[in-house]
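Chain by chain, the residues:
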Amino acid sequence: MRSLDEFATAKLAELERGSLRRTLADTTRVTGIWTLRNGRRLLSFCCNDYLNLTHHPAVKDAASEALQIYGVGAGASRFVTGNHPLYAELEARLARWKDTEAACVFGSGYLANLGIIPALVGEDDLVLVDELAHACLWGGARLSHATVTSFRHSDVGHLEALLKQQRRRHPRAVIATDGVFSMDGDIAPLPALAELALRHDAWLLCDDAHGLGVVGGGRGANFVEATKADITLQMGTLSKALGAYGGYLCASAPVIDLMRNRARSLIYTTGLPPAMVAAALAALDLIERDPAYSARPVEKAKAFARQVGLPEPASPIVPIVLGEAEAALAAARLLEEHGFLVTAIRPPTVPRGTARLRLTFTAQHPDGEIERLAELVRAHMLTQSPASVAAAQ
Ligand SMILES: Cc1ncc(COP(=O)(O)O)c(C=O)c1O
């Protein structure tokens, strides 16, 4: 329809003017760290494959074997015929790893949050969300039709003030935060949030998509000594450090049973392909067996931060905030010319004026390449204005 195409074209032009238009680039990941793009071999510093398990032989073998036994797709929702036997095993393993009574695996991390929050709260209720929480926590909060309020990033005092003001007006309340923040790499003040949640009878939902496998001995942000906390709703993903695909919630047995009865993004969608569940199981085996390997991405991130003089990171994610979108795009192009793949992160993924390179460090990144990357970042991105990054190309 003409009006529809006109609308789409005008929207795209607006995005283009702000350097905010996104495009897809064919990328072949040939190993856990190396990629091929536009015929060039690039070392990726922007994948969430923190332990490089997407290409681990044991993980690939487990997926292939499951594919041969159970077929490619699950065939139906888990509540019809899609609940292949690997699910029970993975859910038991996740619950044990996160020290909860039970777990429930969803189709993805995004789908998990879209299902969890509306299953717990509705239009009379309250959801308090960290302002920098991931889009899918916001999505789940809005889908619930509850009153949704944001609190300043990791600001326990602000959250407490909001709870004092608003909590008594609502029968139920959820506090939603990332564990490891996806774009900044910092860890939420989980013990203080858990204490506030308890005191105000609010349910704390922690999305630890970027914590599982890499912090807290591989068990996540709420197992890190400084942020050890009892979290009632521990959500995460199988798609990052585990190298597979899918999402999960670890919680008490009644909460998990409620999810199976009320979470629409679990009930009304096809179960995960069996190969993905098998891959996640094999990845968990590796993580449980080798905590030293799990610690490597954070060690590499710390080494990089030392070399460029940035504060010590708490996770494998190190942001280099450059300001405007064009500056981040220019910095990404410069790194690509030197053989590094680091995608520019722009609004609305991050707040306006904070476009950045989001570097992610993984277990197998060679130390020499990290040094080379640090030199480039030091020379072009920390000491010079965004305009001079563009000029250096
Ligand atoms: C904090 C956070 N939560 C959830 C997700 C979504 O997980 P998935 O990729 O499994 O849908 C992401 C992925 O980008 C994330 O960064």
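Located above this text is the structure these notes cover.
The sections below set out a description of the structure shown in this document. (Residues numbered from 1 in each chain as written. Predicted model: local features only at pLDDT ≥ 70, side-chain atom pairs only at ≥ 80, totals over all residues. Heavy atoms only, no water.)

**Quick word on the packing of aromatic side chains**
Within a pair of aromatic rings, the relevant descriptors are the distance that separates the centres and the angle that separates the planes. On inspection of all chains with the given rule, the structure shows three aromatic pairs. Taking the centre distance of 5.5 Å and the plane angle of 65° together, the rings of F45 and F361 count as edge-to-face. Of the two residues, F45 is situated in the loop between β3 (40-44) and α2 (57-70) and F361 in the loop between β14 (355-360) and α13 (367-382); the sequence distance between them amounts to 316 residues. Measuring from ring centre to ring centre gives 5.0 Å for F304 and F361, while their planes differ by 40°; the resulting arrangement is tilted. One end of the pair, F304, is in helix α11 (residues 291-308); the other, F361, is in the loop between β14 and α13, with 57 residues separating them in the sequence. A connected cluster of aromatic rings, assembled from ring pairs, spans F45, F304, F340 and F361. For R41, the ring lying beneath its charged end belongs to W34, and the centroid distance is 3.9 Å. The residue whose ring lies beneath R219 is W97, and the NZ or CZ to ring-centre distance is 5.4 Å. (Phe/Tyr/Trp six-rings, centres within 6.5 Å; stacked < 30°, edge-to-face > 60°. Helix = DSSP H or I, 4+ residues; strand = E, 2+ residues; numbered from the N terminus. Lys NZ or Arg CZ within 6 Å of the ring centre and 35° of its normal.)

**Description of the site of the ligand**
The ligand sits among 14 residues. The nearest are D207, H210, T237, S239 and K240. Within the side chain of H134, an N or O atom sits 3.3 Å from an oxygen atom of the ligand. D207 is positioned such that a nitrogen or oxygen atom in its side chain is 2.6 Å from a nitrogen atom of the ligand. Relative to its unbound accessible surface of 390 Å², the ligand loses 85% to contact with the protein. (Near = heavy atom within 4 Å. Polar contact = N/O pair within 3.5 Å; in protein donor to acceptor, adjacent residues only side chain to side chain. Areas by Shrake-Rupley, 256 points an atom, 1.4 Å probe, with all protein chains shown as cover.)

**A look at the sheet that holds strand β13 (residues 344-345)**
Strand order in the open sheet made by the three strands is β11-β14-β13, with antiparallel pairing throughout. If you trace the sheet from one side to the other, it starts and ends with β11 (317-323) and β13, each paired once. As paired strands, β11 and β14 are joined by six bridges and run antiparallel to one another. Across the sheet, residue V318 finds its bridge partner in β14, namely L359. (Pairing = 2+ DSSP bridges.)

**Quick word on the environment of R40**
With respect to the helices and strands, R40 occurs in strand β3. Between the alpha carbons of R40 and E336 there is a distance of 9.4 Å; along the sequence they are 296 residues apart. Here R40 is in contact with T35, E336, E337 and G339, once residues within four sequence places are set aside. Here the side chain of R40 touches E336 through a polar contact of 2.8 Å, landing on its backbone oxygen. (Contact = heavy atoms within 4.5 Å.)

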